[in-house]
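Working through the structure, step by step
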Amino acid sequence: MAAEASLCNFSGTNVSSPPLRRYLLSPSTSFRSRHLRQQPTLTSSFFGTQRLNSTKFNSNSHFQKRNLSVFAMAASEDVKREVPLKDYRNIGIMAHIDAGKTTTTERVLYYTGRNYKIGEVHEGTATMDWMEQEQERGITITSAATTTFWNKHRINIIDTPGHVDFTLEVERALRVLDGAICLFDSVAGVEPQSETVWRQADKYGVPRICFVNKMDRLGANFFRTRDMIVTNLGAKPLVLQLPIGAEDVFKGVIDLVRMKAIVWSGEELGAKFAYEDIPADLQELAEEYRALMLETIVELDDEVMEGYLEGVEPDEATVKRLVRKGTIGGSFVPVLCGSAFKNKGVQPLLDAVVDYLPSPLDLPPMKGTDPENPEIEIERLASDDEAFSGLAFKIMNDPFVGSLTFVRIYSGKLAAGSYVINANKGKKERIGRLLEMHANSREDVKVALAGDIVALAGLKDTITGETLSDPEKPIVLERMDFPDPVIKVAIEPKTKADVDKMANGLIKLAQEDPSFHFSRDEEINQTVIEGMGELHLEIIVDRLKREFKVEANVGAPQVNYRESISRTAEVKYVHKKQSGGQGQFADITVRFEPLEAGSGYEFKSEIKGGAVPREYIPGVMKGLEESMSNGVLAGFPVVDLRAVLTDGSYHDVDSSVLAFQLAARGAFREGVRKAAPKILEPIMSVEVVTPEEHLGDVIGDLNSRRGQINSFGDKPGGLKVVDALVPLAEMFQYVSTLRGMTKGRASYTMQLAKFDVVPQHIQNQLSAAKEEAVTA
Ligand SMILES: Nc1nc2c(ncn2[C@@H]2O[C@H](COP(=O)(O)OP(=O)(O)OP(=O)(O)O)[C@@H](O)[C@H]2O)c(=O)[nH]1
């Protein structure tokens, strides 16, 4: 018989315990009957999508079920595009925490005419920060997508959070954006989270423009920020504006493309601005920077370059064309400035979005694979005439509509009432309603087109990162990478009555957020939630309380350890039982091999000549898979390991799938013990910014936390910066220690750097703790 070989690969962390699987399979239908009852009135289309009536949802809305047929009808209608695809801009606003993303987005919404009364972040009324706790904490937690229009261009904006615990939100947004605005605080310059986000944007090849915000703040320095874009980000800035004044005398900007000053007459919302002559004292500087700009852009066009060398300056249209070309091609990043809070610089920023950031047509076609045969690559052009494809990039639970799936449409059309296929799962999904989102209000649309970002209500099986496509022409678009959670806490509802409510809430939250996991450990009778940091889990617990009305007791945070092996080991294991009637017999030999960090788990069969018959191999795979979630040292998930089934034997009567499953579990226990098992812990890359007088304390403290100091440096304003690698286990509550130690003058950021082996004494403690918990 020919050699049988099968290889399966899945990340060890995705192995969910049986109770978790049960949770995930239970249907969540609670919202459907109550909310799919809007009475739609067809109105003429105004913009790129065909609208039904605009509806603000509130608990008083009354809808009628029979009109659902209108949605179904819409699927077959021809749709005329109102905004050409070349005039679409799908953008995100990214930055370090507190750089002003929400404030800037609010201004953008105001100036594009969608918001009549502006919300201020510090008053807790900002439109994009619509979740209750965002308003209280004044930070943006969930990306909210909104559609708006500027100069006949359709701009879809996704507001992304700045805190590192929500990095995944930023990743998701970047995956579906065509361009981005990177905001910097002109006092702090390029901050650590901006560097992280910048690298993420590089990874997805997202063209961007920079906006140096907060030019009105004491200590604002446009040029220092420009220099930091070079030194900290390794990027090539193309200065397109210079500030006129700074701090409390910041008046406006010099537009180096038109060589005009743009001066605002006040600081209030809607303050008028006028184009004026460049102030005499800035004329020379403006000429110098215009020359620098021109020298950079003419390199992109030989003909223009020749003219320029002969003394002919390119006209405004040519300058804009070349800036656009270089921005989209990644040759440089345009740099603008202003003060969102004082309403200066926002309109030219919107012009720059339109002028320099790409439309879907400027980008390469979307690549994907055939779901049946992942070897076959497929491309989809950004066009309404192509087969439909879209990527689900966010799931949100909405109190009025239920679960909303945000989808970026890459090709084709999507109609309410139609059916699509979830290409990752091979499951049909019915498109109940299509909603165009505007922060916390929404409008029903009949059909959405290539380039649109819409929210779909009523999808059943689709989670973040999956592709929806035309059932006739399925495609799986590139998958997103989700980081593994690094921290966990035990959680228990305060009353027995809340057990089911909590399970339901956890399922919904996990569907929304792939960096959040939960599981139930039957052995110690505990539900455990896992996430990217203390704040991340705090927010989850808070949302359970507010949105699902579950009061819960929460344990102390614990590190998400992993187990792995250090060397290859082979083990022969025979499972044999004879009690009463039929016996059980399975004999296998399995080789356990260590894999590179991040490889997850692989299974391979090298069985020849049917030593283990084909029908029993799934039993072996299942037994090994089950064991992967429960390592031999301290019960942590096992990662970075390949199990190879090399030999075995069976009994004609007594062998069964179950017998091989039990043999695999035994082989795992024995084999992994022989393969020098080890416990791994998350090591964080920590950056602390502190005044010099506290530097010694900060370093001493990091050393006492098993920290390894990598470098020191200087920051503007006489501050020192320390880079260190510190085990996450030592970083709980660091925020309060640091605050106490430096009188609140230092700040820090941290993110996962790697997993590394724990010292022996900690391994012993963890093993002992597991034994104690099981005994208890
Ligand atoms: N002086 C000044 N303050 C600003 C400016 N823009 C924003 N702010 C203030 O800076 C603080 C943070 O602004 P946000 O808009 O919440 O920042 P964010 O980047 O959205 O913050 P996260 O969502 O938490 O990451 C708020 O108090 C704003 O009022 C500005 O141009 N000048």
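So, here is what we can say about the structure in this document. (Residues numbered from 1 in each chain as written. Predicted model: local features only at pLDDT ≥ 70, side-chain atom pairs only at ≥ 80, totals over all residues. Heavy atoms only, no water.)

1. Quick notes on the overall build of the protein chain
Within the protein chain, the regular secondary structure consists of 19 helices and 39 strands. Counting every position in the protein chain, which comprises 776 residues, the buried fraction comes to 58%. Pairs at least 24 apart in sequence give 73% of the contacts found in the protein chain among residues at least 6 apart. Element-wise, carbon and sulfur atoms account for 49% of the exposed surface of the protein chain, whose accessible area totals about 33,000 Å². (Helix = DSSP H or I, 4+ residues; strand = E, 2+ residues; numbered from the N terminus. Buried < 20%, exposed > 50% of the residue type's maximum accessible area, 1.4 Å probe, protein only. Contact = heavy atoms within 4.5 Å. Areas by Shrake-Rupley, 256 points an atom, 1.4 Å probe, with all protein chains shown as cover.)

2. Considerations on the sheet that holds strand E14 (residues 366-369)
Spatially, E15-E14-E25 is the arrangement adopted by the three strands of the open sheet, whose pairing is antiparallel. Two strands bound the open sheet, and with one partner strand each, they are strand E15 (377-380) and strand E25 (476-477). Examined bridge by bridge, E14 and E25 share two bridges and lie antiparallel to one another. The residue bridging Gly368 from the neighbouring strand is Leu477, located in E25. (Pairing = 2+ DSSP bridges.)

3. Structural notes on the sheet that holds strand E10 (residues 252-255)
Read across the open sheet, the four strands follow the order E9-E10-E11-E12; overall the sheet is antiparallel. The outermost strands of the open sheet, each flanked by one partner alone, are strand E9 (241-244) and strand E12 (273-276). Within the sheet, the average angular offset between the axes of one strand and its neighbour, ignoring direction, is 25°. (Axes fitted to C-alpha atoms, helices over the stretch in contact; angles between N-to-C directions.)

4. A closer look at the state of the cysteines
This structure, assessed with the given rule, holds zero disulfides. Just so you know, Cys182 is unpaired, no disulfide at all, and the nearest cysteine sulfur is the one on Cys210, 5.4 Å from it. Overall, the relative accessible area of 4% leaves Cys182 in the buried class. (Disulfide = S-S within 2.5 Å.)

5. Brief notes about the side chain of Arg290
Tracing the chain through its elements places Arg290 in helix H9 (residues 280-298). Look past the residues within four positions of Arg290 in its chain and what remains in contact with it is Leu256, Val257, Met259, Glu313 and Pro314.

6. Some thoughts on the pairing of strand E11 (residues 260-264)
Here E11 lies mainly inside the structure; four of its five residues are buried. Strand direction decides the pairing type here: E10 and E11, joined by four bridges, are antiparallel. Within the sheet, the bridge partner assigned to Asp255 lies in E11 and is Lys260. Between E10 and E11, which pair antiparallel in sequence order, lie four residues; one of them, Met259, sits at a positive phi of approximately 50°. As defined by bridge partners, E11 adjoins E12 across four bridges and the pair is classed as antiparallel. Within E12, the position partnered with Val263 by the bridge is Ala274.

7. Digging into the nonpolar core
One finds Phe516, Ile529, Ile588, Phe592, Leu624 and Leu641 to be the most contacted residues of the largest nonpolar core, which totals 77 residues. Those residues in contact with Ile529 that sit more than four places away from it in its chain are Ile487, Lys488, Val489, Ile491, Leu506, Phe516, His517, Phe518, Leu537, Ile540 and Val541. (Core = buried A, V, L, I, M, F, W, Y, C linked by side-chain atoms within 4.5 Å.)

8. Some details on the pattern of salt bridges
All chains considered together, the criterion is met by 40 salt bridges. With a closest N to O distance of 2.8 Å, Asp202 and Arg208 form a salt bridge. Assessed through its relative accessible area of 7%, Arg208 is described here as buried. We note a salt bridge from Asp362 to Arg324, for which the minimum N-O separation is 2.7 Å. Here Arg324 lies in helix H11 (residues 316-329) and Asp362 lies in the loop between helix H12 (346-356) and E14, a separation of 38 residues in the sequence. (Salt bridge = Lys/Arg side-chain N within 4 Å of Asp/Glu carboxyl O.)

9. Examining the packing of H9 against H11
The contact between H9 and H11 brings their axes to 9 Å, and the two run at 65°. Note that H9 runs across H11; the crossing there is left-handed. Residues Met293, Leu294, Ile297 and Val298 of H9 form the contact with H11, whose own contacting residues are Val319, Leu322 and Val323. Classifying every residue of the contact of H9 with H11 by side-chain character gives seven nonpolar, no polar and no charged. (Left-handed = near helix turned anticlockwise from the far one by under 90°. Nonpolar A, V, L, I, M, F, W, Y, C, P; charged D, E, K, R; others polar.)

10. As for the packing of helix H17 (residues 695-704) against helix H18 (residues 734-742)
Where H17 meets H18, the closest approach of the two axes is 10 Å, and the angle between their N-to-C directions is 150°. Between H17 and H18, the crossing angle belongs to the class labelled roughly antiparallel. For the crossing formed where H17 meets H18, the hand is right-handed. Packed against H17, whose contacting residues are Asp697, Val698, Asp701 and Leu702, the element H18 presents Tyr734, Thr737, Leu738, Met741 and Thr742 at the interface. (Parallel < 35°, antiparallel > 145°, perpendicular 65-115°, else oblique.)

11. So, the packing of aromatic side chains
Under the definition given, this model contains eleven aromatic pairs. Seen from their ring centres, Trp264 and Phe273 are 5.4 Å apart, and the 40° between their planes marks the pair as tilted. Overall, the relative accessible area of 5% leaves Trp264 in the buried class. Taken together, a centroid distance of 5.2 Å and an interplanar angle of 45° make the contact between Tyr561 and Phe636 tilted. Remark: Phe636 occurs in the loop between helix H15 (617-628) and strand E35 (641-649) and Tyr561 occurs in the loop between strand E30 (558-559) and strand E31 (562-565); sequence separation between them is 75 residues. Summarising the burial analysis for this pair, Tyr561 and Phe636 share the class buried. (Phe/Tyr/Trp six-rings, centres within 6.5 Å; stacked < 30°, edge-to-face > 60°.)

12. Re the environment of Lys604
Here Lys604 lies in strand E34 (residues 601-605). The partly exposed category is assigned to Lys604, whose relative accessible area is 31%. The spatial distance from the C-alpha of Lys604 to the C-alpha of Val644 is 4.7 Å, given a sequence separation of 40 residues.

13. Focus: H17
Turning to H17, its buried residues number three or more, namely Leu695, Val698, Ile699, Asp701 and Leu702. Mapping the buried residues of H17 onto a view down its axis gives an arc of 165°, with all of them on the same face. Of the exposed residues in H17, the ones pointing more than 90 degrees away from its buried face are Gly696 and Ser704. As for H17, its buried residues are in contact with strand E36 (677-691), strand E37 (708-715), strand E38 (719-727) and H18. Backbone geometry just downstream of H17 places Arg706 in the positive-phi region, at approximately 60°. (Arc of directions from axis to C-beta.)

14. Some words on the environment of Glu247
Along the chain, the position of Glu247 falls in the loop between E9 and E10. Other than its neighbours up to four places away in sequence, Glu247 contacts Met215, Asp216, Arg217, Leu218, Gly219 and Ala220. A distance of 2.6 Å separates a polar atom in the side chain of Glu247 from the backbone nitrogen of Gly219. (Polar contact = N/O pair within 3.5 Å; in protein donor to acceptor, adjacent residues only side chain to side chain.)

15. Comments concerning the side chain of Asn156
Its place among the elements puts Asn156 in strand E5 (residues 153-159). The class of Asn156 is buried, set by a relative accessible area of 2%. Other than its neighbours up to four places away in sequence, Asn156 contacts Arg89, Asn90, Ile91, Thr146, Thr147, Gly451, Asp452 and Ile453.

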